[in-house]
Amino acid sequence: MPIKSGNQEPSAILHIDESTQQGSGHSLLIRCSQCFFVSVAVLLSSGILGLPLKLHRSGFFPFLLTFSPNVLLQILVVYFFVIVLQVCDSALEESLHDDNTYNSLNGLSLVETDTASNGGSPSTDHANHEETTSNDGAKVDLNLPKRKRFNMQTSSKITTNLHVLAKLFFPRWLRFLVGPLFLIEFTLILTCYALAGSEAAGQLFGINYVYMIPVFVISLSIIILVTYAIIQPIVSVLTLIKGLVFMFVCVIGVSLGSESHNPITTNWKYAADPILFETIALGGLPLCMPMIYEKFGKTKKEIRAFRNSIFSAIIFCALLNVLWAWSVLSVVPQLDSSCRTPTTNITTRLVEVKSQLPPDVATTTVASREMACDPSSSLEAALLSGTITTIPFTKMVIEKNPNMAFCAVLIRIFVSLSTAVSFLVIGASLHHTSE
């Protein structure tokens, strides 16, 4: 095995051929496409279906005013999170961590650590050191202790994931809290997708959604475990299909809205109503970014391509949210006066008369207030009843054009496919974090 000598910087001790990282331009284009579609799969999920409900009082233009800064903030979150991923990846390579022992970042470089342990100076430590090449192509410094040599050779096996980020950047007392919090967040998100996807699939196939829940969860979990190595290409294809279906539905809504001239009211007083749903509609990317980042090399070109792919996904999904909001507002009425006119049903019930009560107190009247509005008649009614936007949208589309009855099937396909794809991405991210 050839032995080389010379002075090198610590960052050059672990060196992997740049050509193997960066690959061909064609391969980079494929990875960027997969990154784009996986990001779209996370963003284009259940949040977009609930967003138009919060526009029933504000209207379209106040929504644009609050949504634009939200898009910018999400881009900034991705920008800085990419930097965090780069710092974590460099720490794993240069701090010589192994799979079982690694410490949080303490601001010490490899030179300072070796100097402190050996009692020498940096110039002495770097002089006349020897290095050899291991089987995996990494250069190993023979002057380092055997334990560090082992750590250096195995450090590339550690992947940058949420668990490692918590280990490196959080203090020891906070690490024990971050792990359960990540698990709770993943569990809640997957539960929401499982319930929504099971209900949509049950409506599509005419089966009670209660029986669809175990089928939905078990089948998708098996797909994640069996096809984890190729999950990103699978998600990319499914996201392309659901994106085309969704855009077709949006175009139908806009075209029917332009024909029916449904009035869109604007009230700037309620401009802050949709802010929470706007955040949900564009959130969740940091959960899957470490998994996507693993597929890219660490060169400047590939990092820029990775970041720009996610930026493109955010902008694309933001435009889809705007198109979907305009489509729904063009077709579905915003307000329903019957929702603010409760009916009062007077019922009489017997009350048990206790000895301490007057004998003339035998009955009492109880007034129950019930809303008379139909959940599928307006956005306000759908919001009050907890119904997603697609229910009133489908009804209004069919009423305005009975020939568009197939739109109901397309929407159910989109909801089922969207929740299933999002379940695959978040489940794969959980698998990546737990590795």
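Below is a short write-up of the structure. Remember, predicted model here, so these are calculated numbers, not experimental data. (Residues numbered from 1 in each chain as written. Predicted model: local features only at pLDDT ≥ 70, side-chain atom pairs only at ≥ 80, totals over all residues. Heavy atoms only, no water.)

### Here's the deal with the side chain of Asp 89
Right, so step 1: Locating Asp 89 in the fold gives a position in helix H4 (residues 60–94).
Right, so step 2: Within the buried set, Asp 89 has no salt-bridge partner at all; the shortest N-O distance to an opposite charge, 4.2 Å, is to Lys 298.
Right, so step 3: Excluding residues that lie within four positions of it along the chain, Asp 89 makes contacts with Thr 160, Tyr 293 and Lys 298. (Helix = DSSP H or I, 4+ residues; strand = E, 2+ residues; numbered from the N terminus. Buried < 20%, exposed > 50% of the residue type's maximum accessible area, 1.4 Å probe, protein only. Lys, Arg positive; Asp, Glu negative; His and termini not counted. Salt bridge = Lys/Arg side-chain N within 4 Å of Asp/Glu carboxyl O. Contact = heavy atoms within 4.5 Å.)

### Some thoughts on the nonpolar core
Soluble globular proteins tend to pack their nonpolar side chains together in the buried interior.
Right, so step 1: Core analysis: the biggest nonpolar cluster contains 91 residues, and Leu 285, Met 289, Phe 306 and Phe 393 have the highest contact counts within it.
Right, so step 2: Here this core takes 15 residues from helix H14 (residues 300–331), the largest share from any one element.
Right, so step 3: Sequence-distant contacts of Phe 393, that is, excluding residues within four places in its chain, are made with Val 249, Gly 253, Trp 324, Ser 327, Val 328, Val 331, Val 332, Cys 407 and Ile 411. (Core = buried A, V, L, I, M, F, W, Y, C linked by side-chain atoms within 4.5 Å.)

### Remarks on the packing of aromatic side chains
Right, so step 1: Under the defined criterion, the tally for this structure stands at 14 aromatic pairs.
Right, so step 2: Ring centres of Phe 36 and Phe 37 lie 5.3 Å apart, and the angle between their planes is 80 degrees; on these two criteria the pair is classed as edge-to-face.
Right, so step 3: Judged by relative accessible area, which is 22%, Phe 37 ranks as partly exposed.
Right, so step 4: Pairing Phe 246 with Trp 324 gives two aromatic rings, centres 5.3 Å apart and planes at 50 degrees, and the pair type is tilted. With Phe 246 in helix H11 (residues 231–260) and Trp 324 in helix H14, this residue pair connects regions lying 78 residues apart in the sequence. An identical accessibility class is assigned to Phe 246 and Trp 324; each is buried. (Phe/Tyr/Trp six-rings, centres within 6.5 Å; stacked < 30°, edge-to-face > 60°.)

### Examining helix H16 (residues 390–400)
One turn of the α-helix equals 3.6 residues, which is why residues spaced by three or four share an orientation.
Right, so step 1: Three or more residues of H16 are buried, namely Thr 390, Pro 392, Phe 393, Thr 394, Met 396 and Val 397.
Right, so step 2: Looking at the buried residues of H16, the elements they touch are helix H3 (47–50), H11, H14, helix H15 (379–385) and helix H17 (406–433).

### Description of the packing of H11 against H17
Right, so step 1: Contact pair H11 / H17: the axes reach a minimum separation of 9 Å and the direction vectors enclose 150 degrees. Between H11 and H17, the interaxial angle falls into the category roughly antiparallel. For the element pair H11 and H17, the recorded crossing hand is left-handed. Contact with H11, carried on its side by Ile 231, Val 235, Leu 238, Thr 239, Ile 241, Lys 242, Val 245, Phe 246, Phe 248, Val 249 and Ile 252, involves Phe 406, Cys 407, Leu 410, Ile 411, Phe 414, Leu 417, Ser 418, Val 421, Ser 422, Leu 424, Val 425 and Ala 428 of H17 and no other residues of that element.
Right, so step 2: Classifying every residue of the contact of H11 with H17 by side-chain character gives 19 nonpolar, three polar and one charged. (Axes fitted to C-alpha atoms, helices over the stretch in contact; angles between N-to-C directions. Parallel < 35°, antiparallel > 145°, perpendicular 65-115°, else oblique. Left-handed = near helix turned anticlockwise from the far one by under 90°. Nonpolar A, V, L, I, M, F, W, Y, C, P; charged D, E, K, R; others polar.)

### Comments concerning the pattern of salt bridges
Right, so step 1: What the rule picks out here adds up to two salt bridges.
Right, so step 2: The salt bridge involving Glu 302 is made with Arg 31; its shortest N-O contact spans 2.8 Å. Residue Glu 302 is located in helix H14, and its partner Arg 31 is located in helix H2 (residues 25–43); the two are separated by 271 residues in the primary sequence.
Right, so step 3: The buried category is assigned to Glu 302, whose relative accessible area is 0%.
Right, so step 4: Accessibility expressed as a relative area gives 13% for Arg 31, which makes it buried.
Right, so step 5: Arg 57 is the salt-bridge partner of Asp 273, the closest N and O atoms lying 3.0 Å from each other.

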